[in-house]
Amino acid sequence: MQAAAGVLGFDEALAKVLEHAATVPRPQSETLALLACADRVLAEAILADRDQPPFDRSTRDGFALRAADITTPLKVVGQIRAGEQWQGGALEHGTAVEIMTGAPIPLAYDAVVMIEHIERDKDSIRLTAGRTIRSGENIVPQGSEAKAGQSVLPVGTVIEGAEIALAAACGRSELQVFRRPRVAIVATGDELVTLNATPGPQQIRNSNSYGLAALVARAGGEPVQLPIAPDRRAELERTIRSARDSDLILLSGGVSMGKYDLVEEVLEGLGAEFFFTGVKMQPGKPLVFGRLPATDEFPTQFFFGLPGNPISTQVTFHCFVEPMLRRMSGAAVQGPRFVQATLVEDVAGRADLMRLLPAWWTADRVRPEVRLVGWQGSGDLAANARANCYAVLPPERERFAAGDVITVLLR
Ligand SMILES: Nc1nc2c(c(=O)[nH]1)N[C@H]1C(S)=C(S)[C@@H](COP(=O)(O)OP(=O)(O)OC[C@H]3O[C@@H](n4cnc5c(N)ncnc54)[C@H](O)[C@@H]3O)O[C@H]1N2
Ligand code: MOO
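Residues numbered from 1 in each chain as written. Chains lettered and ligands numbered in written order. Predicted model: local features only at pLDDT ≥ 70, side-chain atom pairs only at ≥ 80, totals over all residues. Heavy atoms only, no water.

- If you look the protein up in an unreviewed UniProt entry, it shows as Molybdopterin molybdenumtransferase from Tunturiibacter gelidiferens.
- For the record of the protein, the UniProt heading Cofactor (unreviewed entry) holds the text "Mg(2+)".
- As stated in UniProt under Catalytic activity (unreviewed entry), the record for the protein gives "adenylyl-molybdopterin + molybdate = Mo-molybdopterin + AMP + H(+)". (UniProt positions renumbered as here; feature names shortened; annotations may be inferred.)

This is the structure in structure tokens:
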């Protein structure tokens, strides 16, 4: 049964989700060991604990010197390795010091000449003909990357390798990160059986709960798989009530036109507000997005009723659930990851809806290309696993030709 709310175009539906995502308050925080912070979101700004670099640093193996001195041969009076400091006393005009990449520049000098750009004769060096050197060349000045006390990473940053390396450079072995939102996953359908059961000939394994759990974890949430809810009002309602202690509910199945598609009816009975009950897209048309009201026990709670067809479930997750979840995990509001690629074959679009078809995207540097993988429709998990993206074919255009640059949804 359909609840009272509209079917929206893709962009309108996405805007609706992002608008509600922006109202979600940031979660509580917790402190974790640095490496346990991967894929989490920063709940504190990371400050540089000292100047970066902490000294004027040589970026090349070569010779430190005064740039203005190199018009004549210079005398090499010593060397400085990374981790050392020049201890050799005053450095007169006409001198140079051999220096390694990463070593501190002596105060008296203002440039480093690469070893490849000099000619050496015993203790004397001179610039190879045709080479020049300017003051400051091959030196990164102290504090030029960050000054001590300066924020180098703001609250809300998703932590990956780059951020972990920077936090480590700032001496941080622990970070304050946001708690992961708990996401209840409820698969509905009388035909579904659990993974450890042997399915009867007409039964279907509940693959959606597993696919969703993996996607939730990757998007920064903590998946909570609830038992399969059969297509009976009372049991469905009981399962949804048992999910009220989570931050978000994802239901799969039971949102289309069938006699036993009860999800919206049961949510409506619980006082749900619906923001949309369908999106002009394929797969994923019956997608439902709404919010349950606060009760004495629980605050308001967003839910998505995802279409049961497994590819519809996954595509709608990437487009709509992931942006909401990223926000709930404390990150800035951001939409799905779209890139562009050249289509290598002709493909049919649909006038009335946006198609998102399983496809293979070659991440080529010069000319990324995309081709459809071929599928049997929105239940085809094997085709979905042969794909690495979805080719996006916007409405109001019935043909897309080989050579057209189109949008691709990454996953
Ligand atoms: N008369 C119409 N029929 C259908 C329409 C329509 O507009 N008019 N829409 C179709 C579209 S599009 C989709 S998508 C499906 C979505 O239906 P439901 O969300 O109600 O999903 P179910 O009917 O429960 O299941 C559909 C399909 O997916 C399989 N499924 C369901 N849950 C799981 C799970 N947890 N793991 C694996 N597979 C699952 C289920 O067995 C069905 O084969 O409706 C179309 N019909
Ligand atoms: O959208 Mo249904 O999602 O086409 O199978």
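Quick look at the overall build of the protein
- Each helix and strand in the protein was counted, giving seven helices and 30 strands.
- Its C-alpha atoms give the protein a radius of gyration of 30 Å, clearly above 22 Å, the size a compact globule of 411 residues would have.
- Overall, the C-alpha framework of the protein stretches about 90 × 55 × 40 Å when taken along its three principal axes.
- Taken over 411 residues, the protein has a buried fraction of 47%.
- Put simply, of all contacts in the protein between residues at least 6 apart along the chain, 72% involve residues at least 24 apart.
- Surface accessibility of the protein: about 19,700 Å² in total, with carbon and sulfur atoms responsible for 50%. (Helix = DSSP H or I, 4+ residues; strand = E, 2+ residues; numbered from the N terminus. Rg over C-alpha atoms; globule rule 2.2 N^0.38 Å. Buried < 20%, exposed > 50% of the residue type's maximum accessible area, 1.4 Å probe, protein only. Contact = heavy atoms within 4.5 Å. Areas by Shrake-Rupley, 256 points an atom, 1.4 Å probe, with all protein chains shown as cover.)

Considering the site of ligand 1
- Around ligand 1, the structure places 21 residues, and the nearest of them are Glu-191, Asn-206, Val-255, Ser-256 and Gly-308.
- At 3.1 Å from an oxygen atom of ligand 1 is found a side-chain nitrogen or oxygen belonging to Asp-261.
- One of the backbone N or O atoms of Asn-309 is found 3.3 Å from an oxygen atom in ligand 1.
- Protein contact buries 67% of the 870 Å² of open area that ligand 1 shows by itself.
- Contributing elements (two or more residues each) for the shell around ligand 1: strand S16 (204-205), helix H3 (207-218) and helix H6 (310-328).
- Of the residues contributing to the shell around ligand 1, the split by class is eight nonpolar, 10 polar and three charged. (Near = heavy atom within 4 Å. Polar contact = N/O pair within 3.5 Å; in protein donor to acceptor, adjacent residues only side chain to side chain. Nonpolar A, V, L, I, M, F, W, Y, C, P; charged D, E, K, R; others polar.)

Some thoughts on the site of ligand 2
- All residues in the neighbourhood of ligand 2 are listed as Gln-282, Pro-283, Gly-284, Lys-285, Asn-309, Ser-312 and Ser-378.
- Gly-284 is positioned with one of its backbone polar atoms (N or O) 2.5 Å from an oxygen atom of ligand 2.
- Contact distances for ligand 2 include 2.4 Å between an oxygen atom and a side-chain N or O atom of Ser-312.
- Among the residues making up the shell around ligand 2, the classes are represented as one nonpolar, five polar and one charged.

As for the packing of helix H1 (residues 10-21) against H6
- Closest axis-to-axis distance for the H1/H6 pair is 9 Å, and the angle between their directions is 15°. Taken together, the axes of H1 and H6 are roughly parallel relative to one another. Along this stretch, H1 crosses H6, giving a crossing that reads as right-handed. Residues Phe-10, Ala-13, Leu-14, Val-17, Leu-18, His-20 and Ala-21 of H1 form the contact with H6, whose own contacting residues are Cys-319, Phe-320, Pro-323, Met-324 and Arg-327. (Axes fitted to C-alpha atoms, helices over the stretch in contact; angles between N-to-C directions. Parallel < 35°, antiparallel > 145°, perpendicular 65-115°, else oblique. Left-handed = near helix turned anticlockwise from the far one by under 90°.)

What about the sheet that holds strand S18 (residues 248-252)?
- Spatially, the six strands line up as an open sheet ordered S17-S14-S18-S23-S22-S19, and their pairing is mixed. The outermost strands of the open sheet, each flanked by one partner alone, are strand S17 (222-225) and strand S19 (273-276). Ignoring which end each strand starts from, the neighbouring axes of this sheet average 25° apart.
- Strand direction decides the pairing type here: S19 and strand S22 (residues 288-292), joined by three bridges, are antiparallel. The residue of S22 that forms the bridge with Phe-276 is Phe-289. (Pairing = 2+ DSSP bridges.)

Details of the UniProt feature "domain: MoaB/Mog" (unreviewed entry) in the protein
- Using the residue numbers shown here, the UniProt feature "domain: MoaB/Mog" (unreviewed entry) corresponds to residues 184-327.
- Each end of residues 184-327 is marked by a C-alpha atom, and these two atoms are 17 Å apart; helix forms 33% of the span and strand 25%.

Remarks on the sheet that holds strand S9 (residues 118-121)
- The mixed open sheet is built from six strands, whose spatial order is S8-S5-S7-S6-S10-S9. The open sheet terminates on both sides in strands that have one partner only, identified here as strand S8 (111-114) and S9. Geometrically, the sheet is characterised by an average inter-axis angle of 40° between neighbouring strands, direction not taken into account.
- Across four bridges, strand S5 (residues 62-65) lies against S8 in antiparallel orientation. Paired with Leu-65 across the bridge in S8 is Ala-111.

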